[in-house]
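Examining the three-dimensional arrangement
Read off the chains here:
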Amino acid sequence: MALRPYALLPRQYDDRKVLASTVDAWGRVLWLICPDAVRPSNPYGSSRPKPPSLPFDALVVINDAGAVQERTLRGVLVAPHRIDALPNGRIVLAGKRSFGDRNGQIFGRDGRSRRSFAMGANVAFMMADRRNSLWTAYTDEGIYSDPISSAGLARWDSGGNHQWEYWPPQGIHHITDIEALNVADGAAWAVYWPTSPLLEARANGQLRVWQQPVTSPRGLAVHNDRLLLLGGHRRDCARQDGPATAHYCHTTDGEAVVVEEAVLTMPNGDPLRSYPHPIGRGPNLYLHGRSTKQWYVLGL
(Lines give C-alpha, C1' and ligand atoms only; values in the text may rest on other atoms or scores of the structure.)
Protein backbone atom coordinates (compact mmCIF):
# COMPACT_ATOMS: atom_id res chain seq x y z
CA MET A 1 0.00 0.00 0.00
CA ALA A 2 1.45 3.35 -1.07
CA LEU A 3 1.22 6.68 0.66
CA ARG A 4 -0.31 9.53 -1.31
CA PRO A 5 1.48 12.88 -1.73
CA TYR A 6 -0.38 15.59 0.16
CA ALA A 7 1.57 18.87 0.05
CA LEU A 8 5.04 20.12 -0.89
CA LEU A 9 6.73 23.31 0.27
CA PRO A 10 6.77 25.61 -2.77
CA ARG A 11 10.03 25.73 -4.66
CA GLN A 12 10.71 29.40 -3.89
CA TYR A 13 11.37 28.41 -0.25
CA ASP A 14 13.80 25.59 -1.01
CA ASP A 15 16.77 27.53 0.35
CA ARG A 16 15.05 28.25 3.67
CA LYS A 17 15.39 26.23 6.87
CA VAL A 18 12.17 24.71 8.26
CA LEU A 19 11.97 24.81 12.06
CA ALA A 20 8.61 23.04 12.37
CA SER A 21 5.74 21.84 10.20
CA THR A 22 2.29 20.31 10.67
CA VAL A 23 -1.10 19.64 9.11
CA ASP A 24 -3.72 21.60 11.02
CA ALA A 25 -7.34 20.81 11.93
CA TRP A 26 -8.57 22.35 8.65
CA GLY A 27 -6.23 20.21 6.52
CA ARG A 28 -3.84 23.07 5.78
CA VAL A 29 -0.09 22.49 5.88
CA LEU A 30 2.03 24.94 7.89
CA TRP A 31 5.77 25.37 7.61
CA LEU A 32 7.63 27.62 10.08
CA ILE A 33 10.72 29.11 8.46
CA CYS A 34 13.60 31.10 9.90
CA PRO A 35 15.72 32.68 7.13
CA ASP A 36 18.77 32.95 9.41
CA ALA A 37 18.50 29.54 11.08
CA VAL A 38 21.66 27.64 11.92
CA ARG A 39 22.19 23.90 12.20
CA PRO A 40 24.55 23.23 15.13
CA SER A 41 26.50 19.98 15.18
CA ASN A 42 25.07 17.15 17.26
CA PRO A 43 27.45 14.38 18.39
CA TYR A 44 24.49 12.11 19.20
CA GLY A 45 22.75 12.15 15.82
CA SER A 46 21.17 14.45 13.26
CA SER A 47 20.71 18.09 14.20
CA ARG A 48 17.69 20.36 13.81
CA PRO A 49 17.74 23.94 12.50
CA LYS A 50 17.54 26.55 15.25
CA PRO A 51 17.18 30.33 15.31
CA PRO A 52 20.54 32.06 15.84
CA SER A 53 19.19 34.06 18.78
CA LEU A 54 16.01 35.00 20.65
CA PRO A 55 13.76 36.83 19.98
CA PHE A 56 13.53 36.50 16.19
CA ASP A 57 11.04 36.96 13.37
CA ALA A 58 9.77 33.86 11.55
CA LEU A 59 7.83 33.22 8.38
CA VAL A 60 4.83 30.87 8.28
CA VAL A 61 4.04 29.40 4.86
CA ILE A 62 0.50 28.00 4.63
CA ASN A 63 -0.68 25.66 1.88
CA ASP A 64 -4.48 25.61 1.81
CA ALA A 65 -5.53 23.13 -0.89
CA GLY A 66 -2.85 24.53 -3.22
CA ALA A 67 -3.33 28.21 -2.37
CA VAL A 68 -0.17 29.48 -0.67
CA GLN A 69 -0.15 32.27 1.90
CA GLU A 70 2.57 33.86 4.01
CA ARG A 71 2.46 35.29 7.49
CA THR A 72 5.28 36.84 9.52
CA LEU A 73 5.48 36.15 13.25
CA ARG A 74 7.24 38.97 15.08
CA GLY A 75 9.13 38.59 18.33
CA VAL A 76 9.27 34.81 18.67
CA LEU A 77 10.56 34.10 22.18
CA VAL A 78 10.99 30.32 21.93
CA ALA A 79 13.12 27.98 19.84
CA PRO A 80 10.11 26.22 18.29
CA HIS A 81 9.83 22.56 17.37
CA ARG A 82 6.01 22.41 17.20
CA ILE A 83 3.52 24.67 15.40
CA ASP A 84 -0.24 24.61 14.93
CA ALA A 85 -3.13 26.85 13.94
CA LEU A 86 -5.83 27.97 16.36
CA PRO A 87 -9.31 29.30 15.50
CA ASN A 88 -9.62 32.94 14.37
CA GLY A 89 -6.36 32.89 12.46
CA ARG A 90 -4.06 32.51 15.45
CA ILE A 91 -0.82 30.50 15.56
CA VAL A 92 0.66 28.65 18.54
CA LEU A 93 4.29 27.55 18.95
CA ALA A 94 5.92 25.17 21.41
CA GLY A 95 9.64 25.36 22.15
CA LYS A 96 12.18 23.29 24.00
CA ARG A 97 13.89 26.33 25.46
CA SER A 98 12.66 29.83 26.15
CA PHE A 99 13.04 32.86 28.35
CA GLY A 100 12.29 31.41 31.78
CA ASP A 101 9.75 28.60 31.67
CA ARG A 102 7.39 30.11 29.09
CA ASN A 103 7.85 27.71 26.19
CA GLY A 104 4.40 28.22 24.61
CA GLN A 105 3.59 31.34 22.58
CA ILE A 106 0.39 32.43 20.80
CA PHE A 107 0.31 34.91 17.91
CA GLY A 108 -2.65 36.84 16.56
CA ARG A 109 -3.77 37.12 12.97
CA ASP A 110 -1.51 40.17 12.62
CA GLY A 111 1.56 38.09 13.51
CA ARG A 112 2.17 39.80 16.85
CA SER A 113 2.56 37.92 20.12
CA ARG A 114 -0.58 37.68 22.23
CA ARG A 115 0.61 35.51 25.10
CA SER A 116 3.52 33.44 26.37
CA PHE A 117 2.88 30.65 28.86
CA ALA A 118 4.46 27.56 30.43
CA MET A 119 3.37 24.55 28.37
CA GLY A 120 5.47 21.89 30.09
CA ALA A 121 8.77 20.23 29.23
CA ASN A 122 9.45 17.82 26.37
CA VAL A 123 6.30 18.28 24.30
CA ALA A 124 6.06 15.28 21.95
CA PHE A 125 2.77 16.39 20.34
CA MET A 126 0.90 19.70 20.29
CA MET A 127 -2.34 19.68 18.30
CA ALA A 128 -5.33 22.03 18.25
CA ASP A 129 -8.87 21.34 17.09
CA ARG A 130 -11.49 23.64 15.58
CA ARG A 131 -13.39 23.99 18.87
CA ASN A 132 -10.81 25.98 20.84
CA SER A 133 -9.07 23.02 22.47
CA LEU A 134 -5.29 22.58 22.39
CA TRP A 135 -3.93 19.15 23.34
CA THR A 136 -0.35 18.48 24.45
CA ALA A 137 1.34 15.11 25.03
CA TYR A 138 4.75 14.53 26.57
CA THR A 139 7.74 12.22 26.56
CA ASP A 140 9.04 10.46 29.66
CA GLU A 141 11.75 13.12 30.16
CA GLY A 142 9.04 15.74 30.64
CA ILE A 143 6.67 13.53 32.62
CA TYR A 144 9.33 12.82 35.24
CA SER A 145 10.81 16.32 35.37
CA ASP A 146 8.01 18.89 35.07
CA PRO A 147 4.75 19.16 37.06
CA ILE A 148 2.87 20.48 34.01
CA SER A 149 4.00 17.50 31.92
CA SER A 150 3.57 14.91 34.67
CA ALA A 151 0.09 13.74 33.59
CA GLY A 152 1.39 12.87 30.11
CA LEU A 153 -1.63 14.36 28.32
CA ALA A 154 -3.16 17.80 28.91
CA ARG A 155 -5.77 20.07 27.38
CA TRP A 156 -5.70 23.87 27.15
CA ASP A 157 -8.12 26.40 25.77
CA SER A 158 -7.08 28.37 22.71
CA GLY A 159 -5.83 31.19 24.94
CA GLY A 160 -3.24 28.96 26.61
CA ASN A 161 -5.18 28.35 29.85
CA HIS A 162 -4.80 24.90 31.38
CA GLN A 163 -8.17 23.07 31.39
CA TRP A 164 -7.58 19.37 32.05
CA GLU A 165 -4.97 16.67 32.60
CA TYR A 166 -5.20 12.91 32.36
CA TRP A 167 -5.85 10.80 35.42
CA PRO A 168 -6.19 7.08 34.61
CA PRO A 169 -9.21 5.04 35.70
CA GLN A 170 -8.67 2.47 38.43
CA GLY A 171 -6.55 -0.44 37.24
CA ILE A 172 -5.01 1.47 34.30
CA HIS A 173 -1.37 2.59 34.33
CA HIS A 174 -0.37 6.22 34.42
CA ILE A 175 1.23 7.57 31.25
CA THR A 176 5.01 7.26 31.21
CA ASP A 177 5.49 8.13 27.51
CA ILE A 178 3.03 9.07 24.77
CA GLU A 179 3.52 6.88 21.69
CA ALA A 180 0.84 8.14 19.27
CA LEU A 181 -1.81 10.87 19.29
CA ASN A 182 -4.86 11.76 17.20
CA VAL A 183 -6.95 14.89 17.64
CA ALA A 184 -10.39 15.64 16.17
CA ASP A 185 -12.97 18.24 17.17
CA GLY A 186 -13.55 17.99 20.91
CA ALA A 187 -11.61 14.76 21.40
CA ALA A 188 -8.14 13.22 21.53
CA TRP A 189 -7.04 9.59 21.22
CA ALA A 190 -3.68 8.41 22.51
CA VAL A 191 -1.66 5.22 22.85
CA TYR A 192 0.92 5.28 25.60
CA TRP A 193 3.58 3.34 27.44
CA PRO A 194 3.36 1.10 29.42
CA THR A 195 0.94 -1.57 28.12
CA SER A 196 -0.13 0.62 25.13
CA PRO A 197 -3.83 1.10 25.93
CA LEU A 198 -5.98 3.18 23.59
CA LEU A 199 -7.31 6.23 25.41
CA GLU A 200 -10.16 8.48 24.27
CA ALA A 201 -10.47 11.81 26.11
CA ARG A 202 -13.25 14.25 25.25
CA ALA A 203 -13.38 17.94 26.04
CA ASN A 204 -16.65 17.37 27.92
CA GLY A 205 -14.83 15.17 30.46
CA GLN A 206 -15.77 11.74 29.09
CA LEU A 207 -12.98 9.17 29.19
CA ARG A 208 -12.75 5.67 27.66
CA VAL A 209 -9.91 3.14 27.60
CA TRP A 210 -9.53 0.06 25.38
CA GLN A 211 -6.99 -2.71 25.41
CA GLN A 212 -5.50 -3.02 21.95
CA PRO A 213 -3.16 -5.58 20.36
CA VAL A 214 -0.27 -3.43 19.04
CA THR A 215 2.54 -2.26 21.29
CA SER A 216 4.46 0.98 20.68
CA PRO A 217 2.73 2.24 17.50
CA ARG A 218 4.05 5.45 15.97
CA GLY A 219 0.82 6.75 14.41
CA LEU A 220 -2.91 6.59 15.04
CA ALA A 221 -6.03 7.23 12.92
CA VAL A 222 -9.62 6.79 14.13
CA HIS A 223 -13.01 6.64 12.39
CA ASN A 224 -16.07 5.40 14.31
CA ASP A 225 -15.21 1.82 15.35
CA ARG A 226 -12.25 1.54 13.00
CA LEU A 227 -8.68 2.13 14.04
CA LEU A 228 -5.37 2.33 12.19
CA LEU A 229 -2.11 1.84 14.09
CA LEU A 230 1.12 2.53 12.24
CA GLY A 231 4.31 0.77 13.30
CA GLY A 232 4.79 -1.19 16.50
CA HIS A 233 4.21 -4.92 16.67
CA ARG A 234 1.43 -7.30 17.65
CA ARG A 235 1.56 -8.87 21.10
CA ASP A 236 0.40 -12.24 19.75
CA CYS A 237 2.99 -12.43 16.98
CA ALA A 238 6.58 -13.59 17.39
CA ARG A 239 7.91 -11.49 14.52
CA GLN A 240 8.90 -7.85 14.96
CA ASP A 241 6.94 -5.71 12.52
CA GLY A 242 8.74 -2.87 10.80
CA PRO A 243 7.96 0.83 11.11
CA ALA A 244 5.93 0.71 7.87
CA THR A 245 3.41 -1.91 8.98
CA ALA A 246 -0.17 -0.60 9.17
CA HIS A 247 -2.48 -2.51 11.52
CA TYR A 248 -6.17 -2.05 10.73
CA CYS A 249 -8.33 -2.75 13.78
CA HIS A 250 -11.97 -2.94 14.81
CA THR A 251 -12.94 -1.71 18.28
CA THR A 252 -15.53 -3.35 20.51
CA ASP A 253 -16.73 -2.29 23.96
CA GLY A 254 -13.47 -3.05 25.70
CA GLU A 255 -10.80 -3.93 23.18
CA ALA A 256 -9.52 -3.58 19.64
CA VAL A 257 -8.71 -6.50 17.35
CA VAL A 258 -6.56 -6.57 14.21
CA VAL A 259 -8.56 -7.37 11.08
CA GLU A 260 -5.97 -6.58 8.39
CA GLU A 261 -2.33 -5.63 7.99
CA ALA A 262 -0.46 -3.93 5.17
CA VAL A 263 3.06 -2.67 4.49
CA LEU A 264 3.26 0.97 3.49
CA THR A 265 5.56 2.25 0.77
CA MET A 266 6.43 5.61 -0.64
CA PRO A 267 4.41 6.66 -3.72
CA ASN A 268 7.16 5.33 -6.03
CA GLY A 269 7.13 1.93 -4.34
CA ASP A 270 10.28 2.42 -2.26
CA PRO A 271 10.01 1.06 1.29
CA LEU A 272 9.04 3.48 4.04
CA ARG A 273 12.01 3.14 6.39
CA SER A 274 11.62 5.90 8.95
CA TYR A 275 9.57 8.97 9.76
CA PRO A 276 9.07 11.45 12.64
CA HIS A 277 5.89 11.45 14.72
CA PRO A 278 2.92 11.36 12.29
CA ILE A 279 0.03 13.80 12.68
CA GLY A 280 -3.29 12.05 13.32
CA ARG A 281 -6.43 14.01 12.41
CA GLY A 282 -9.50 11.80 12.81
CA PRO A 283 -9.48 9.27 9.94
CA ASN A 284 -6.32 10.67 8.33
CA LEU A 285 -2.67 10.14 9.18
CA TYR A 286 -0.12 12.60 7.79
CA LEU A 287 3.60 11.94 7.75
CA HIS A 288 6.77 12.92 5.98
CA GLY A 289 10.00 11.07 5.37
CA ARG A 290 13.45 12.54 5.68
CA SER A 291 12.37 16.03 4.68
CA THR A 292 9.84 18.25 6.46
CA LYS A 293 9.13 19.91 3.09
CA GLN A 294 7.01 17.02 1.75
CA TRP A 295 3.87 15.64 3.44
CA TYR A 296 2.06 12.37 2.62
CA VAL A 297 -1.33 11.07 3.72
CA LEU A 298 -2.90 7.75 4.61
CA GLY A 299 -6.62 7.54 5.37
CA LEU A 300 -9.16 5.12 6.78
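This text goes with the structure placed above it.
Residues numbered from 1 in each chain as written. Predicted model: local features only at pLDDT ≥ 70, side-chain atom pairs only at ≥ 80, totals over all residues. Heavy atoms only, no water.

A tally of regular secondary structure across the chain gives one helix and 26 strands. The C-alpha atoms of the chain give a radius of gyration of 19 Å, which matches the 19 Å a tight globule of 300 residues would have. With 300 residues in all, the chain has 53% of them scored as buried. (Helix = DSSP H or I, 4+ residues; strand = E, 2+ residues; numbered from the N terminus. Rg over C-alpha atoms; globule rule 2.2 N^0.38 Å. Buried < 20%, exposed > 50% of the residue type's maximum accessible area, 1.4 Å probe, protein only.)

If you add up the space inside the largest pocket, you get close to 970 Å³. For the largest pocket, the lining is made up of 38 residues, of which R48, R82, P276, H288 and T292 are closest to its centre. Listing elements by their share of the lining of the largest pocket, those giving two or more residues are β2 (17–23), β6 (78–85) and β10 (123–128). Looking at which element gives the most residues to the lining of the largest pocket, the answer is β2, with six residues. For the lining of the largest pocket, the per-class residue count stands at 14 nonpolar, 12 polar and 12 charged. Of the pockets and cavities examined, the second largest pocket occupies roughly 270 Å³. Lining the second largest pocket are 13 residues, and of these P40, R48, P49, K50 and K96 sit closest to its centre. When contributions to the lining of the second largest pocket are tallied by element, the ones reaching two or more residues are β6 and β7 (91–98). Take the lining of the second largest pocket: its biggest share by element is three residues, from β6. A per-class count over the lining of the second largest pocket returns six nonpolar, three polar and four charged. (1 Å grid on protein atoms, 1.4 Å probe; cavity = no way out; pocket = protein on both sides within 12 Å on 5 of 7 lines; lining within 4 Å. Points joined across faces, edges and corners; volume = space filled by probe spheres on them. Nonpolar A, V, L, I, M, F, W, Y, C, P; charged D, E, K, R; others polar.)

A separate point is the pattern of salt bridges. As enumerated under the stated definition, the model contains seven salt bridges in all. One salt bridge in this structure joins R281 and D84, with 2.9 Å as the shortest N-O distance. Separated by 197 residues along the polypeptide, R281 in strand β24 (residues 279–281) and D84 in strand β6 bring together distant segments of the chain. We note that R281, like D84, is buried. Residue D110 pairs with R114 through a salt bridge whose shortest N-O separation is 3.0 Å. Taking the relative accessible area as the measure of exposure, D110 reaches 45% and is therefore partly exposed. (Salt bridge = Lys/Arg side-chain N within 4 Å of Asp/Glu carboxyl O.)

Pairing is antiparallel in the open sheet, where four strands are placed in the order β10-β11-β12-β13. The open sheet terminates on both sides in strands that have one partner only, identified here as β10 and β13 (162–165). Strand after strand, the sheet turns through a mean of 20° between neighbouring axes, direction not considered. Where strand β12 (residues 153–157) and β13 come together, three bridges link them in antiparallel fashion. Residue A154 lies in a different strand from β13, and its bridge partner there is E165. (Pairing = 2+ DSSP bridges. Axes fitted to C-alpha atoms, helices over the stretch in contact; angles between N-to-C directions.)

With that out of the way, let us pick up the sheet that holds strand β22 (residues 245–251). As summarised here, the arrangement of the four strands in space is β19-β20-β22-β23, forming an open sheet in which the pairing is antiparallel. Both outer strands of the open sheet, β19 (219–223) and β23 (256–263), are each paired with one neighbouring strand and no more. Neighbour-to-neighbour, the strand axes of the sheet open up by a mean angle of 20°, direction not taken into account.

Looking now at the environment of S47. With respect to the secondary-structure elements, S47 resides in the loop between β3 (29–34) and β4 (56–64). Taking C-alpha positions, S47 is 24 Å from I62, a pair spaced 15 residues apart along the chain. Contacts of S47, omitting those with residues within four sequence positions, involve R39, P40 and N42. (Contact = heavy atoms within 4.5 Å.)

What follows deals with the packing of aromatic side chains. Tallied over the entire structure, the rule returns five aromatic pairs. Aromatic pair F117 and W156: ring centres 5.4 Å apart, planes at 55°, arrangement tilted. With F117 in strand β9 (residues 113–117) and W156 in strand β12, the pair connects residues that are 39 residues apart, well separated along the chain. Neither F117 nor W156 differs from the other in exposure class; each is buried. Ring centres of W164 and Y166 lie 6.5 Å apart, and the angle between their planes is 55°; this geometry places the pair in the tilted category. Geometry around W135 places R155 over its ring, the cationic atom sitting 5.9 Å from the centre. (Phe/Tyr/Trp six-rings, centres within 6.5 Å; stacked < 30°, edge-to-face > 60°. Lys NZ or Arg CZ within 6 Å of the ring centre and 35° of its normal.)

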